[in-house]
Amino acid sequence: TPIESDFAMAVKDDASARREMAKLLTRVIKDEKLALICAPEGISKTTGLFENHGRIAHWLNVQDDGAIMYAFADYKGAYDKAREFNERQSNGAYRAIVLESFEQAYGKACKKLCIKQMDLKQLAESGHSSLWTAIEAMQPAVIEIFQEWHADLWAEVGDAIPVFFTVHAVAHNWPLSA
């Protein structure tokens, strides 16, 4: 593509690769609103996005229409990048929060309570129509932990605009849970 050609012609060393990556990211996001970027580690893809997050959010009109989500291969990456994002947000306008899958959050809550997660057999035998209603009835302490975590999360966000960080699987399935 012309974008790829322009990028290749402008890159001469590590510094120019990082500079051009930031330009490329902002260009394709502003013009295309959606982009799949495949590039080697350490070329500052994420850093370029974080440094331009305010402009990107403006271009995408997320303050009015939604939010921005960054997705990573694993939760460690999501948590590390969320921490990095928050360190870069000196004005406090945005706050990164990590969204875990229901399975991940449920597992953590059960571990904290020293109880076993319900499996499909238990769910089927419970007579409840969903895992959520079974948990509400049979493990109400899990719901209390979810409520506590929910309150803590929004207290951390405060007046900032939330920016979601998660793993690829959660981002991929996001439209299915809306």
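Each remark here, short or long, concerns the structure printed above.
For clarity, every value in this text was computed on a predicted model and none was experimentally measured.

Visitor: For this particular structure, what's the right way to read unusual backbone geometry?
Guide: Glycine aside, the phi torsion of most residues is negative, and most peptide linkages are trans. Not every positive phi belongs to a glycine, and Cys 114 is a case in point at roughly 60°. Tracing the sequence through the fold places Cys 114 in the loop between α7 (102-113) and α8 (120-126). Here Cys 114 falls in the exposed class, since its relative accessible area comes to 70%.

Visitor: Whenever I open this one, the nonpolar core confuses me. Can you help?
Guide: Note that soluble globular proteins tend to have their nonpolar side chains buried in a common cluster. Within the largest apolar cluster, 27 residues are counted, with the highest numbers of intra-cluster contacts made by Tyr 70, Phe 85, Val 163 and Phe 165. Every element with two or more residues in this core is listed here: α2 (14-32), α3 (45-51), α4 (53-60), β1 (69-72), α6 (75-88), β2 (94-98) and β3 (161-167). The element that contributes the greatest number of residues to this core is α2, accounting for six residues. In this view, Tyr 70 contacts Leu 49, Phe 50, His 53, Phe 85, Val 163, Phe 164, Phe 165 and Thr 166; residues no more than four positions away in its chain are not counted.

Visitor: Would you explain the packing of aromatic side chains in this entry?
Guide: For any pair of aromatic rings, geometry is given as the distance between the ring centres together with the angle between the planes. In this structure the tally under the stated criterion is twelve aromatic pairs. Taken together, a centroid distance of 5.1 Å and an interplanar angle of 85° make the contact between Phe 50 and Phe 85 edge-to-face. Residue Phe 50 is located in helix α3, and its partner Phe 85 is located in helix α6; the two are separated by 35 residues in the primary sequence. The exposure classification of Phe 50 matches that of Phe 85, with both residues buried. Ring plane angle 50° and centroid distance 6.2 Å describe the contact between Tyr 70 and Phe 85, whose orientation is recorded as tilted.

Visitor: Hey, could you run me through the side chain of Thr 166 in this one?
Guide: The topology assignment puts Thr 166 in strand β3. Residue class for Thr 166 comes out buried when judged on its relative accessible area of 0%. Within polar-contact distance, the side chain of Thr 166 engages the backbone oxygen of Leu 99 at 2.6 Å. Ignoring anything within four residues of it in the chain, the contact list for Thr 166 reads Met 69, Tyr 70, Ala 71, Phe 72, Ala 78, Leu 99 and Ala 171.

Visitor: What's the story with the pattern of salt bridges in this structure? I'm lost.
Guide: Side chains that carry opposite charge are capable of pairing whenever their charged atoms lie near each other. If you walk through the whole model with that rule in mind, you get ten salt bridges. In this structure, Lys 121 engages Glu 125 in a salt bridge whose closest nitrogen and oxygen atoms are separated by 3.7 Å. Of this pair, Lys 121 and Glu 125 both sit in helix α8, four residues apart, roughly one helical turn. Per residue, the accessibility class of Lys 121 equals that of Glu 125, and both read exposed. Three or more residues joined by partner-sharing salt bridges are found here, namely Glu 51, Lys 81, Glu 84 and Arg 88.

Visitor: Looking at this model, I keep getting lost on the sheet that holds β1. Mind explaining?
Guide: Strand pairing within a sheet occurs via backbone hydrogen bonds; the two strands may be parallel or antiparallel. Across the sheet, three strands lie side by side as β1-β3-β2; this open sheet has parallel pairing. Each edge of the sheet is formed by a strand with only one pairing partner; in this case those strands are β1 and β2. Across the sheet, the mean angle separating the axes of adjacent strands is 25° when strand polarity is ignored. With four bridges joining them, β1 and β3 adopt parallel strand pairing. From the neighbouring strand, Phe 72 faces β3, where its bridge partner is Val 167. Set on the sheet, α6 makes contact with β1, β2 and β3; between it and β2 the angle comes to about 165°.

Rules and cut-offs
Residues numbered from 1 in each chain as written. Predicted model: local features only at pLDDT ≥ 70, side-chain atom pairs only at ≥ 80, totals over all residues. Heavy atoms only, no water. Helix = DSSP H or I, 4+ residues; strand = E, 2+ residues; numbered from the N terminus. Buried < 20%, exposed > 50% of the residue type's maximum accessible area, 1.4 Å probe, protein only. Core = buried A, V, L, I, M, F, W, Y, C linked by side-chain atoms within 4.5 Å. Contact = heavy atoms within 4.5 Å. Phe/Tyr/Trp six-rings, centres within 6.5 Å; stacked < 30°, edge-to-face > 60°. Polar contact = N/O pair within 3.5 Å; in protein donor to acceptor, adjacent residues only side chain to side chain. Salt bridge = Lys/Arg side-chain N within 4 Å of Asp/Glu carboxyl O. Pairing = 2+ DSSP bridges. Axes fitted to C-alpha atoms, helices over the stretch in contact; angles between N-to-C directions.

Read these as spatial facts, not as claims about activity.
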